[in-house]
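The chain contents come next:
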Amino acid sequence: MKRILSDFAYGEGPNAACYWGPTALGPRETPKAQGENRTQVAIVGGGFTGLSAALHLAQAGVSVRVLEAETPGWGASARNGGFCCLGGTALPGSMIRKRHGEDGLHHWRATEIAAIDTVRGLLSAHQIEAETHSEGETILAHSAHAMRALRKEQAQIEGEYGFQTTLLEKADLPAHGMNGRYHGALTMPHGFGLNPRLYVDGLARAALKSGAKIHAHSAVLSVKREGQGYRLATAAARIRADKVIFATNGYSSEDVPDWMRGRFLPLQSNVIVTRPLTDQEIADGWHSTQMAYTHQTLLHYFRLMPNGQFLFGMRGGLLSGPRSFANLQKRIRKQFERAFPFWKHVETPYSWNGALAFSHKLSPFVGPIPEMPGAFAGFAYHGNGVAMGTHAGAILAKLAMGRDPGPHYPAMMQTEPKRFPLGAHRRMLMLPAYIAAAISGQ
Ligand SMILES: Cc1cc2nc3c(=O)[nH]c(=O)nc-3n(C[C@H](O)[C@H](O)[C@H](O)COP(=O)(O)OP(=O)(O)OC[C@H]3O[C@@H](n4cnc5c(N)ncnc54)[C@H](O)[C@@H]3O)c2cc1C
């Protein structure tokens, strides 16, 4: 596989101190693929996208095999911040309107809401206990300027999504438990926090129960057209499939399949989690149950989890080797202390990072691969794949079955992503944004 991050990024290093690891035991029935196999649909990648597709296909009676290079959820799906929230694109509403019109914008916004409902429905239908909390999601203003922008944004958000929001001024924040260096807040009524490890394991179990086969430690090394279908090769198996779904997002390679080359931009996100906070530390600090984020150049996202540990995340990191990882760990800790000075003394024993994906158009792609009949891909959720990846999996399942993908499949997800310039060095396109963040001290 031709990959574009450093080898370190695909190993255990960045994930070794992930908080979610020990919180659940994944399903055991995920043997390595061996020998000659036949399936109707083969899915490459066992995260939210691939497992959701597998579950929906298996429930419809289709034979399906998930081939995962490591273990289910190993990619971003079991190492994220657990924000099941609106999002999926890096485009502002004005750009979506320009490209897809007013109806296209509303269609996309309705899809963001539907994606959250897809997760809620799966949690409930399959009785997945995922430590959920938070009544919607809160945007915090990190500066007076950001608060002025947020006040203006309120009407725009309400108009685009068609829901009511709640605005809090700076003086109101402490009464809502939102202590920290913030200047105000806007709460949107959709979204909730979850334990992503429990969620991804629940999805895997539900897929297995419905008849899907999941193979861990089965990296797909090549995919070749054979007759009307495809032949996939792993180190120990050959799988003949009528259809193939690629669900590899930030962990994609340039050659599985060749079509992926240059079409995804892997970016990093970083998370730390505190030790359990004492009741007094919580009372003195942030004690809202809302999950929240800021619009800083490098997004900050955080939430007090139901067990009294605090999770703080930050996008960013151009390079992905061990030294950059160590630097990022220092940087995220510094940002945490700056935002929550009352917790400067609190240890953060959990610290990890992982890869998400952007596309050239800054919108997700979910659909058929034009040059590969019967092959589909879903990726580029721009750091919001808990809900959108799950939703994409449900759409991919329907597309693979030749069924109507349903009402929440807007044009914005259907345009084939162009290739980024700069080939394997395309992460350098982020350099100006990262320099701006460094200059502004973020
Ligand atoms: C630190 C971090 C925090 C984040 N926080 C949030 C958040 O709070 N909310 C949110 O909505 N989103 C968040 N995201 C993004 C979100 O996690 C992803 O968008 C989502 O998990 C993508 O799911 P996926 O199934 O498409 O891909 P992944 O979960 O990345 O899975 C892809 C899988 O493909 C496998 N693979 C790759 N190539 C092959 C191959 N050739 N053969 C077999 N298997 C292969 C990989 O091993 C990997 O397990 C975060 C991401 C990171 C990294």
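Bear in mind that the values here come from a model prediction, so they are computed numbers and not experimental data.

Enquirer: What is the right way to look at the overall build of the protein in this model?
Expert: Secondary structure summary: the protein contains eight helices and 18 strands in total. Taken over C-alpha atoms, the radius of gyration comes to 21 Å for the protein, in line with the 22 Å a tight globule of 442 residues would show. Expressed along its principal axes, the backbone C-alpha trace of the protein runs to roughly 65 × 45 × 45 Å. In the protein, which comprises 442 residues, the share counted as buried stands at 59%. Across the protein, the fraction of contacts at a sequence separation of at least 24, relative to all contacts at a separation of at least 6, is 76%. By element, 54% of the accessible surface of the protein is carried by carbon and sulfur atoms, the whole surface being about 17400 Å². The averaged location of the 33 negative side-chain charges in the protein is 7 Å from the averaged location of its 46 positive side-chain charges.

Enquirer: Which parts of the structure should I look at to understand the site of the ligand?
Expert: Taken together, 36 residues are adjacent to the ligand, and Thr49, Glu68, Ser77, Phe83 and Val220 come closest. Contact with the protein chains hides 99% of the accessible area of the ligand, taken as 1000 Å² for the molecule alone. Of all the secondary structure elements, the ones that give two or more residues to the shell around the ligand are helix H1 (48-59), strand E12 (265-273), strand E16 (350-358) and helix H7 (385-400). Residues belonging to the shell around the ligand are distributed by class as follows: 18 nonpolar, 16 polar and two charged.

Enquirer: In this structure, what is going on with unusual backbone geometry? I would like to understand it.
Expert: Outside of glycine, negative phi angles account for most residues, and trans bonds account for most peptide bonds. For the peptide bond that leads from Val256 to Pro257, omega is 0°, which places it in the cis range. With respect to the helices and strands, Pro257 occurs in the loop between strand E11 (237-246) and E12. A positive phi is found at Ala380, a non-glycine position, where the angle reads about 70°. Within the secondary structure layout, Ala380 lies in the loop between strand E18 (375-379) and H7. Assessed through its relative accessible area of 0%, Ala380 is described here as buried. Unusually for a residue other than glycine, Leu422 sits at a positive phi of about 75°.

Enquirer: Where do I start with the packing of H1 against H7 in this structure?
Expert: To describe two helices that pack against each other, one gives the angle between their axes and the distance between the axes. At their nearest, the axes of H1 and H7 sit 7 Å apart, and the two run at 40° to each other. Judged by the inter-axis angle, H1 sits oblique to H7. The element H1 and its partner H7 pack so that their crossing is right-handed. From H1, Phe48, Thr49, Ser52, Ala53, His56 and Leu57 reach across to H7, where they touch Gly385, Val386, Gly389, Thr390, Ala392, Gly393, Ala394, Leu396, Ala397 and Ala400.

Enquirer: For this particular structure, what's the right way to read helix H4 (residues 196-209)?
Expert: Side chains three or four residues apart in an α-helix point the same way, a direct result of the helix having 3.6 residues per turn. End to end, H4 covers 20 Å across 14 residues, agreeing with the expected 20 Å (1.5 Å per residue, within 8%). Across the 14 residues of H4, twelve count as buried, placing the element largely inside the fold. Along H4, the residues that are buried comprise Pro196, Arg197, Leu198, Tyr199, Val200, Asp201, Gly202, Leu203, Ala204, Ala206, Ala207 and Leu208. Where H4 is buried, its residues meet H1, helix H2 (93-125), strand E8 (213-215) and H7. Capping of H4 at its N-terminal end is provided by Asn195; its side-chain oxygen lies 2.9 Å from the backbone amide nitrogen of Arg197. Downstream of H4 by a residue or two, Gly211 has a phi angle that is positive, lying close to 115°.

Enquirer: Honestly, the UniProt feature "domain: FAD dependent oxidoreductase" (unreviewed entry) in the protein in this entry has me stumped. Any pointers?
Expert: On the UniProt side, "domain: FAD dependent oxidoreductase" (unreviewed entry) is annotated at positions that read residues 41-399 here. Note that residues 41-399 is 32% helix and 25% strand, and that its end C-alpha atoms are spaced 11 Å apart.

Enquirer: What is the right way to look at the nonpolar core in this model?
Expert: Side chains of nonpolar character tend, in soluble globular proteins, to be buried together. Residues Ile43, Leu57, Leu194, Tyr199 and Ile245 are the most contacted members of the largest nonpolar core, which totals 80 residues. The residues touching Ile245, leaving out its near neighbours within four places in the chain, are Val41, Ala42, Ile43, Val44, Ala53, Leu57, Phe376, Leu396, Ala397 and Ala400. If you look at the next biggest cluster of nonpolar residues, it comprises 33 residues, including Leu304, Phe310, Trp343 and Phe358.

Enquirer: Sorry, what's going on with the sheet that holds strand E15 (residues 310-315) here?
Expert: Within a sheet, neighbouring strands are paired by backbone hydrogen bonds and run either parallel or antiparallel to one another. Ordered by their spatial adjacency, eight strands build an open sheet running E5-E6-E4-E13-E14-E15-E12-E16, and the pairing between neighbours is mixed. Strands with a single pairing partner mark the edges of an open sheet, and in this sheet they are strand E5 (166-169) and E16. For this sheet, the mean angle separating the axes of adjacent strands, direction not counted, is 20°. The pairing of strand E13 (residues 291-294) with strand E14 (residues 300-304) spans three bridges and is classified as antiparallel. Bridge pairing links Tyr293 to Tyr301 in E14.

Enquirer: What is the right way to look at the pattern of salt bridges in this model?
Expert: Two side chains with opposite charge may pair up if their charged atoms get near one another. In total, this model carries 15 salt bridges according to the counting rule given. Note that Arg231 and Glu36 form a salt bridge whose closest N and O atoms lie 3.3 Å from each other. Residue Arg231 is located in strand E10 (residues 229-233), and its partner Glu36 is located in strand E1 (residues 35-44); the two are separated by 195 residues in the primary sequence. Take Arg231: its relative accessible area is 16%, and that puts it in the buried class. For Glu226, the salt bridge is made with Arg231, and the minimal N-O distance between the two is 2.7 Å. Look at Glu226 and you get partly exposed, because its relative accessible area is 29%.

Cut-offs and rules
- Residues numbered from 1 in each chain as written.
- Predicted model: local features only at pLDDT ≥ 70, side-chain atom pairs only at ≥ 80, totals over all residues.
- Heavy atoms only, no water.
- Helix = DSSP H or I, 4+ residues; strand = E, 2+ residues; numbered from the N terminus.
- Rg over C-alpha atoms; globule rule 2.2 N^0.38 Å.
- Buried < 20%, exposed > 50% of the residue type's maximum accessible area, 1.4 Å probe, protein only.
- Contact = heavy atoms within 4.5 Å.
- Areas by Shrake-Rupley, 256 points an atom, 1.4 Å probe, with all protein chains shown as cover.
- Lys, Arg positive; Asp, Glu negative; His and termini not counted.
- Charge placed at Lys NZ, Arg CZ, Asp CG, Glu CD.
- Near = heavy atom within 4 Å.
- Nonpolar A, V, L, I, M, F, W, Y, C, P; charged D, E, K, R; others polar.
- Axes fitted to C-alpha atoms, helices over the stretch in contact; angles between N-to-C directions.
- Parallel < 35°, antiparallel > 145°, perpendicular 65-115°, else oblique.
- Left-handed = near helix turned anticlockwise from the far one by under 90°.
- Expected span 1.5 Å × (residues − 1).
- Polar contact = N/O pair within 3.5 Å; in protein donor to acceptor, adjacent residues only side chain to side chain.
- UniProt positions renumbered as here; feature names shortened; annotations may be inferred.
- Core = buried A, V, L, I, M, F, W, Y, C linked by side-chain atoms within 4.5 Å.
- Pairing = 2+ DSSP bridges.
- Salt bridge = Lys/Arg side-chain N within 4 Å of Asp/Glu carboxyl O.

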